[in-house]
Structure formats: structure tokens, C-alpha cells
Amino acid sequence: MIYKFLPFILWFKDYSIGKFRIDLLAGITVALVLIPQSMAYAQLAGLPPVTGLYAAIVPPLLYLAYGSSPFVTLGPVALASLIIAEAAGASTLDIADAAAIIAIQ
């Protein structure tokens, strides 16, 4: 029953310390690239850089809890930043509020 609500628990069935080391190295490598990239994409969208950090951290954590595939990639991308900048710029709302509305939809 718990697997229905937390499917990532099934991933640990065949997990070993060797796989942990590889995953740790991969996580550090991705973080070194993702942190400045996400901050730049936020600025590209006209938002404060810290918004990019939220966009890089929150979706993977939510997917960790509720996702069912270990092969999905999540995070901020340049095209989405440009689309948000264009759509939010055409709005009368504050750009951060408009970006949040776009993200929720």
C-alpha cells in the first residue's frame, strides 16, 4: 500500500553502496552545472536569480516523493525561461506573480 503513495521506495530494493557512490558523484556534477544555469535562466526570464534555484530544487524533490521512473529529467530550461519572459512581460501583473501563475497551470 505504501508503494502506491511513495513509489520511489521500490528503487532501493537492489541498491548498493557502489551505486550510491556513482549517484553521489553524478549528483555533485549535476549540481555544479545546474546551480549557475538555473540562476541564469531565471534572469533570462526577468526574475531574481533565487527563483532559478527554487526551480532547480523543488521539482526534483517533488518527483522524488511522487514520481515512478528513475529516468526522468526535471529542472529549468532556456526555452521555458524565454516563454515565461514573453508571456509575463505582456501581462499587467508583477513578473514573479505571472511566472508563478504560469508554473501552476
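Residues numbered from 1 in each chain as written. Predicted model: local features only at pLDDT ≥ 70, side-chain atom pairs only at ≥ 80, totals over all residues. Heavy atoms only, no water.

### Things to note about the overall build of the protein chain
- Along the protein chain, the regular secondary structure elements total 5 helices and 0 strands.
- When the elements of the protein chain are put in sequence order from the N terminus, they spell out α-α-α-α-α.
- Against the globule reference of 13 Å for 105 residues, the protein chain gives a C-alpha radius of gyration of 17 Å, more extended than a compact globule.
- Seen through its C-alpha atoms, the protein chain measures out along the principal axes to roughly 50 × 35 × 20 Å.
- Accessible area for the protein chain stands at about 7700 Å²; split by element, carbon and sulfur atoms hold 73% of it.
- Side-chain charges of the protein chain comprise 4 positive and 5 negative groups, with the mean position of each set lying 25 Å from the other. (Helix = DSSP H or I, 4+ residues; strand = E, 2+ residues; numbered from the N terminus. Rg over C-alpha atoms; globule rule 2.2 N^0.38 Å. Areas by Shrake-Rupley, 256 points an atom, 1.4 Å probe, with all protein chains shown as cover. Lys, Arg positive; Asp, Glu negative; His and termini not counted. Charge placed at Lys NZ, Arg CZ, Asp CG, Glu CD.)

### A word on the side chain of serine 81
- Looking at the secondary structure, you find serine 81 in helix α4 (residues 78-89).
- Not counting residues up to four positions away in its chain, the partners in contact with serine 81 are Tyr41, Leu44 and Ala45. (Contact = heavy atoms within 4.5 Å.)

### Focus on the packing of aromatic side chains
- Here the structure, examined in full by the defined rule, presents 1 aromatic pair.
- Judged by centre distance (5.7 Å) and plane angle (85 degrees), the rings of phenylalanine 12 and tyrosine 15 are edge-to-face.
- Overall, the relative accessible area of 47% leaves phenylalanine 12 in the partly exposed class.
- Judged by relative accessible area, tyrosine 15 falls into the partly exposed class, the value being 34%. (Phe/Tyr/Trp six-rings, centres within 6.5 Å; stacked < 30°, edge-to-face > 60°. Buried < 20%, exposed > 50% of the residue type's maximum accessible area, 1.4 Å probe, protein only.)

### Re the environment of alanine 40
- By the element assignment, alanine 40 lies in helix α2 (residues 17-44).
- On a C-alpha basis, the gap between alanine 40 and aspartate 97 in space is 19 Å, while along the polypeptide they are 57 residues apart.

### Things to note about the packing of α4 against helix α5 (residues 95-104)
- α5 packs onto α4 with a crossing angle of 120 degrees between their chain directions and a minimal axis gap of 9 Å. It follows from the interaxial angle that α4 and α5 lie oblique. The way α4 lies across α5 gives a crossing that is right-handed. The residues of α5 that touch α4, namely those facing Ile84, Ala87 and Ala88, are Ile95, Ala98, Ala99 and Ile102.
- When the residues that make up the contact of α4 with α5 are grouped by side-chain class, the tally is 7 nonpolar, no polar and no charged. (Axes fitted to C-alpha atoms, helices over the stretch in contact; angles between N-to-C directions. Parallel < 35°, antiparallel > 145°, perpendicular 65-115°, else oblique. Left-handed = near helix turned anticlockwise from the far one by under 90°. Nonpolar A, V, L, I, M, F, W, Y, C, P; charged D, E, K, R; others polar.)

### Side note on a nonpolar patch on the surface
- Together, Phe12, Tyr15, Ile17, Phe20, Leu24, Ile28, Leu32 and Val33 line one region of the surface with nonpolar side chains, adding up to about 800 Å² of accessible area.
- For leucine 32, the location among the structural elements is in helix α2. (Patch = residues over 30% accessible without salt bridge, like charges linked within 9 Å, V, L, I, M, F, W, Y side chains within 5 Å. Salt bridge = Lys/Arg side-chain N within 4 Å of Asp/Glu carboxyl O.)

### Thoughts on the environment of serine 91
- Relative to the assigned elements, serine 91 resides in the loop between α4 and α5.
- What makes serine 91 partly exposed here is its relative accessible area of 29%.
- At a separation of 3.0 Å, a polar atom in the side chain of serine 91 contacts the main-chain amide nitrogen of leucine 93. (Polar contact = N/O pair within 3.5 Å; in protein donor to acceptor, adjacent residues only side chain to side chain.)

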